[in-house]
Amino acid sequence: MPGKVGDESLKRKRSKASEKANKRAKAESSDEDDPQADILLLENEILESKKNYNNITTLLELAQKEYDDDSTQLAMVSLCRVFLRLFASGNLSRRAGQSEKDIVVIQWLKQRLGEYKQIVVAALSHEDSASTALTLAMRILQAEGQHTNDKDDYNFPKGFLKELVEALVRSGSEDIRQEFCEKYLGEYADIRFHTFKALKDILSVDPPSPNESLFNNVFDLLSFFEDVPASAEDMGEFYIKAPSKKSQAIASLNQQKKQAQEAWLALLNQGPNRDQRKKVLQIMTKSIAPWFTKPELLMDFLTDSYDSGGSISLLALSGVFYLIQERNLDYPLFYRKLYSLLDANILHSKHRSRFFRLLDTFLSSTHLPAVLVASFIKRITRLCLNAPPAAIVVVIPWIYNLFKKHPLCTFMMHRVPRTPEEKEVLENEGMADPFIADEEDPMETCAIDSCLWEVVQLQSHYHPNVATIAKIISEQFTKQSYNLEDFLDHSYSSLLDAELSKQVKKAPVVEFMIPKRVFLPQEPDSGVEDSLLAKLWDFQ
């Protein structure tokens, strides 16, 4: 009897053991089909015991696989959680009293952390994983900065941020750079400070070379800011805990401006081409110069651009004026250079409105010589003879305002022969315009001795709006001044829309006599001559 009982108990134990083995085999087979479960299992084992730290190496191998995007990103996210826990628990920091074995483990973990950083940085160049990789990288950066700081010292992981920024400007897409700017660069003062510094270091590594993509990508980051912080309170929050000492450079607005200044200078030293130079000049006074603690450092770049001619000179004009106004820049022969910009293309340029705003500022001073102002008036009215209507409707009010500010120039409007001999010569031989159009010096053009016969021609312009507004020069100057902003934004389209929207009170007469036949010859008895079409072609 006892033997039988023993056999039955043995069978029962064996059956239970086989059931457990079958369950384990099924679980393992199901885990093999589910990579997410495998990754989560490896992660949980790491967090449960230090003996399972080797699972980190397994996850790193999974994160490096390029053929399986899902498992790769899952492994990256899982590793991020692992390292965040290790940072929070202090397992990545050396403390007093640790054994040599613990120090070896910490060094090994830091090496694996370095490998993980390289994987995340490399993922920024892939569009599918770039957004996830940026989020994971910034979380690691935040944890590393918070949990490796000493009590009396401020430590920012500058090296890791530089790797991230370099990946963004060398191989990252435009979308990921925009995401970085919106979420981090524009929000946090410490990220902004060290990004400026990293960009300067990246651009200073190699000698200046025509790397167009690098220039454009760095320009995208630096030009993200429309407004420059006016005080330390406007700098924004800190991504990592703010330093306790106010003497830290990262908490100083002046130091942050200095880093931005160094980054912009490093970019400008890369030798931008013509299109890149235009991009820089367009935002010079609003987004670049306010960052400079020493705006005079922009003097060489702006004066070189201003002397280059063409549209670049027009764009550089606002920057030169900024330095003249803010830093008392002494630009020799400034008005002579400004006068040279009035060429045949100026009234056809898309930067025409911007130029007229500045030109109105430069010639508004009543201390300018009348001879100088007269040269500008004469030169620009001469250009109006071949200008589009949208440009002429700006020039005429601008001339009106100059005549009101500089009354000595009004002799150009109504110059009458004083003696009968002069009148006789004028009637018989006509008048030679004393204005010297080819003279480069506005003080030597003899424009003050000329008259504005060009405006009289504009009063017969084919466009009714131009002809109407040109007649204000021939009328009494009862209006104090015109607001140029009301005329600067006109174009062919706006002038045409204004004409089409007018209410016609009386239908215009198209022809005096309505012809009976256009394409066919007229009847012989009608006495009407055949049209040109009927003479040239036979439509019968």
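Residues numbered from 1 in each chain as written. Predicted model: local features only at pLDDT ≥ 70, side-chain atom pairs only at ≥ 80, totals over all residues. Heavy atoms only, no water.

> Can you walk me through the overall build of the protein chain in this structure?
Assigned secondary structure in the protein chain consists of 24 helices and zero strands. Buried residues in the protein chain amount to 40% of all 540 residues. At a minimum sequence separation of 6, the contacts of the protein chain that also span at least 24 residues come to 71%. (Helix = DSSP H or I, 4+ residues; strand = E, 2+ residues; numbered from the N terminus. Buried < 20%, exposed > 50% of the residue type's maximum accessible area, 1.4 Å probe, protein only. Contact = heavy atoms within 4.5 Å.)

> Sorry, what's going on with the packing of helix α8 (residues 174-185) against helix α10 (residues 212-222) here?
Remark: α8 packs on α10, axes separated minimally by 10 Å, with the N-to-C direction vectors making an angle of 25°. It follows that α8 is roughly parallel to α10 by the angle criterion. Handedness of the crossing formed by α8 with α10: right-handed. Across from R177, F180, C181 and L185 in α8, the residues of α10 making contact are N217, D220 and L221. For the contact of α8 with α10, the class distribution of residues is four nonpolar, one polar and two charged. (Axes fitted to C-alpha atoms, helices over the stretch in contact; angles between N-to-C directions. Parallel < 35°, antiparallel > 145°, perpendicular 65-115°, else oblique. Left-handed = near helix turned anticlockwise from the far one by under 90°. Nonpolar A, V, L, I, M, F, W, Y, C, P; charged D, E, K, R; others polar.)

> When you look at the side chain of N216 in this model, what are you seeing that I'm missing?
Residue position: N216 is located in helix α10. Residue classification places N216 among the buried positions, given a relative accessible area of 19%. Leave out the neighbours within four places in its chain, and N216 touches Q276 and K279.

> Where do I start with the layout of surface pockets in this structure?
Where empty space is left in the structure can be found by rolling a water-sized probe over the atoms. For the largest pocket, the calculated volume is near 420 Å³. A breakdown of the residues in the lining of the largest pocket according to their chemical character gives seven nonpolar, two polar and three charged. (1 Å grid on protein atoms, 1.4 Å probe; cavity = no way out; pocket = protein on both sides within 12 Å on 5 of 7 lines; lining within 4 Å. Points joined across faces, edges and corners; volume = space filled by probe spheres on them.)

> Which parts of the structure should I look at to understand the confidence of the model for the protein chain?
Atom-level detail of predicted coordinates should not be read off regions where pLDDT is low. With 90% of its residues at a pLDDT of at least 70, the protein chain reaches an overall mean of 83. Per-residue pLDDT stays below 50 along residues 1-31; that stretch engages in two contacts with residues further than four places along the chain or on separate chains. (pLDDT = per-residue confidence, 0-100.)

> In this structure, what is going on with the packing of aromatic side chains? I would like to understand it.
Aromatic rings considered in pairs are described by the distance between their centres and by the relative angle of their planes. Tallying each qualifying case throughout the model produces 20 aromatic pairs. Considering the side-chain rings of Y339 and F376, the 5.4 Å spacing of their centres and the 80° angle between planes classify their relative orientation as edge-to-face. Here Y339, found in helix α16 (residues 334-340), pairs with F376, found in helix α18 (residues 370-383); they are 37 residues apart in sequence, far enough to count as distant. Like Y339, the residue F376 is buried in the burial classification. Ring pairing ties together the aromatic residues Y306, F321, F334, Y335 and F362, which thus form one cluster. One residue, K337, lies across the ring of Y306, its end atom 5.9 Å from the ring centre. Against the face of Y339 rests R379, its NZ or CZ located 4.6 Å from the ring centre. (Phe/Tyr/Trp six-rings, centres within 6.5 Å; stacked < 30°, edge-to-face > 60°. Lys NZ or Arg CZ within 6 Å of the ring centre and 35° of its normal.)

> Whenever I open this one, the packing of helix α5 (residues 100-123) against helix α6 (residues 127-147) confuses me. Can you help?
Two numbers describe a pair of packed helices, the interaxial angle and the distance between the axes. In contact at an axis separation of 8 Å, α5 and α6 are set at 145° when each is read in the N-to-C sense. Where α5 crosses over α6, the two elements pack in a sense that is left-handed. Within the contact between the two elements, α5 uses L113, Y116, K117, V120 and A123 and α6 uses S129, A130, A133, L136, A137, I140 and E144.

> Where do I start with helix α12 (residues 274-282) in this structure?
Every α-helix winds through 3.6 residues per turn, so residues three or four apart in the chain are directed the same way. All of the buried residues along α12 are Q276, R277, V280 and L281. Along α12, the residues classed as buried sweep out an arc of 135° about the axis, all on the same side. (Arc of directions from axis to C-beta.)

> Explain unusual backbone geometry to me, please; I cannot follow it from the model alone.
Residues apart from glycine generally show negative phi values, whereas peptide bonds are mostly found in trans. Positive phi outside glycine occurs at C446, with the angle close to 65°. Tracing the backbone through its elements, the reader meets C446 in the loop between α20 (420-429) and α21 (453-458). Accessibility expressed as a relative area gives 33% for C446, which makes it partly exposed.

> Got a minute to help me understand the environment of E115 in this structure?
As for its position among the elements, E115 is in helix α5. Through-space distance from the C-alpha of E115 to that of T57 is 9.6 Å; in sequence the pair is 58 residues apart.

> What is the right way to look at the pattern of salt bridges in this model?
Working definition: two side chains of opposite charge can pair if their charged atoms are close together. Scanning the model with the defined rule gives 14 salt bridges in all. In this structure, K117 engages E144 in a salt bridge whose closest nitrogen and oxygen atoms are separated by 2.7 Å. With K117 in helix α5 and E144 in helix α6, the pair connects residues that are 27 residues apart, well separated along the chain. Overall, E144 belongs to the buried group, its relative accessible area being 17%. Here E179 makes a salt bridge to K183, at a shortest N to O gap of 3.0 Å. Pair noted here: E179 and K183 are both in helix α8, with a separation of four residues, about one helical turn. Note on K183: relative accessible area 42%, which makes it partly exposed. Through salt bridges that share partners, K378, R382, D433 and E454 make up one connected network. (Salt bridge = Lys/Arg side-chain N within 4 Å of Asp/Glu carboxyl O.)

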